[in-house]
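Residues per chain, in single letters:
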Amino acid sequence: MAEIYHVVLLVEQALSAADAAQVRSLHESLDEEVHYHVLLPVEDAAARVEAALGSVGDDALGGARVPLDPEAIETVREESERESSAELSKTLEALRAAGATAEGEVVETDPIDALASTVAKVDGREAIILTRSHVVSEFFHVDWTSRARRKIGVPLLHLLEHENFDEQAGEGEGITGL
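Residues numbered from 1 in each chain as written. Predicted model: local features only at pLDDT ≥ 70, side-chain atom pairs only at ≥ 80, totals over all residues. Heavy atoms only, no water.

(A) A look at the overall build of the protein chain. From N to C terminus, the protein chain includes 7 helices and 5 strands. When the helices and strands of the protein chain are listed from N to C terminus, the series reads β-α-β-α-α-β-α-β-α-α-β-α. By the burial criterion, 39% of the 178 residues in the protein chain qualify as buried. Across the protein chain, the fraction of contacts at a sequence separation of at least 24, relative to all contacts at a separation of at least 6, is 78%. (Helix = DSSP H or I, 4+ residues; strand = E, 2+ residues; numbered from the N terminus. Buried < 20%, exposed > 50% of the residue type's maximum accessible area, 1.4 Å probe, protein only. Contact = heavy atoms within 4.5 Å.)

(B) Summary view of the nonpolar core. Core analysis: the largest hydrophobic core is formed by 20 residues, its most contacted members being Leu9, Val23, Tyr36, Leu95 and Leu130. Within the residue set of this core, elements represented by two or more residues are β1 (4-11), α1 (17-25), β2 (33-41), α3 (70-97) and β4 (126-131). Discounting residues that sit within four places of it in the chain, Val23 has contacts with Leu9, Tyr36, Leu95, Ile128, Leu130 and Leu159. Formed by 16 residues, the second largest nonpolar core is a distinct cluster that contains Leu10, Leu39, Val107 and Ile129. (Core = buried A, V, L, I, M, F, W, Y, C linked by side-chain atoms within 4.5 Å.)

(C) Focus on the confidence of the model for the protein chain. Mean pLDDT for the protein chain: 77, with 68% of residues reaching 70 or above. Between residues 134-142, whose pLDDT stays under 50, and residues either more than four places distant or in other chains, the model counts 11 contacts. When the criterion is pLDDT under 50, residues 171-178 qualifies, and its contacts beyond four places in sequence or with other chains add up to 16 contacts. (pLDDT = per-residue confidence, 0-100.)

(D) Quick look at the pattern of salt bridges. All chains considered together, the criterion is met by 2 salt bridges. Put simply, Glu3 and Arg125 hold a salt bridge, and the shortest N to O gap is 1.9 Å. Of this pair, Glu3 sits in the segment before β1 while Arg125 is found in the loop between α4 (111-122) and β4, placing the two residues 122 residues apart along the sequence. Given the relative accessible area of 47%, Glu3 is considered partly exposed. For Arg125, a relative accessible area of 28% corresponds to the partly exposed category. For Arg125, the salt bridge identified is with Glu32, shortest N-O distance 3.8 Å. Taken together, the residues Arg125 in the loop between α4 and β4 and Glu32 in the loop between α1 and β2 connect sequence positions 93 residues apart. (Salt bridge = Lys/Arg side-chain N within 4 Å of Asp/Glu carboxyl O.)

(E) Layout of the side chain of His6. Following the sequence through the fold, His6 ends up in strand β1. Among the polar contacts made by the side chain of His6, one reaches the side chain of His37 at a distance of 2.8 Å. Setting aside its immediate chain neighbours within four residues, His6 contacts His35, His37, Val122, Asp123, Gly124, Arg125 and Glu126. (Polar contact = N/O pair within 3.5 Å; in protein donor to acceptor, adjacent residues only side chain to side chain.)

(F) Region of interest: unusual backbone geometry. Non-glycine residue Asp123 carries a positive phi angle of around 55°. Within the element layout of this structure, Asp123 appears in the loop between α4 and β4. You can call Asp123 exposed: its relative accessible area is 56%.

Pasting the structure below:
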């Protein structure tokens, strides 16, 4: 029986077909069967409501702090779960269309804790984090990748969604030196 090479993916949003093909290309030369485990975190509902209220501006609210409505938070939480489930489905479809074997789950816990737990549970050989560019959090090392490097004991690759390898290497829109 062939050994399975488990890769755990932590993604912020649905992968495009190009993203999925790029991830798949990283493992095409392996002799083992590769199995991807995708984790897609649900956005924090309270934070979304707070951000929406913050965008109204202090002037419109007279500088007063508006208490968060539990019903509004629950509505936003349910919407976030639906959106995350739909994005996970799109991601799994894109990976499978690229020839990958993949399963996944929407996670409501801390993304790095979920990553570490999944790596341990499936005996993951590597982890890949796919994010949008977060220059400020990356600079201060509070981004997912920096946190994960401190927490998990397997090789970790950070890719930027919707950018090919050349762009990420600085040939296009990828991150350049700070």
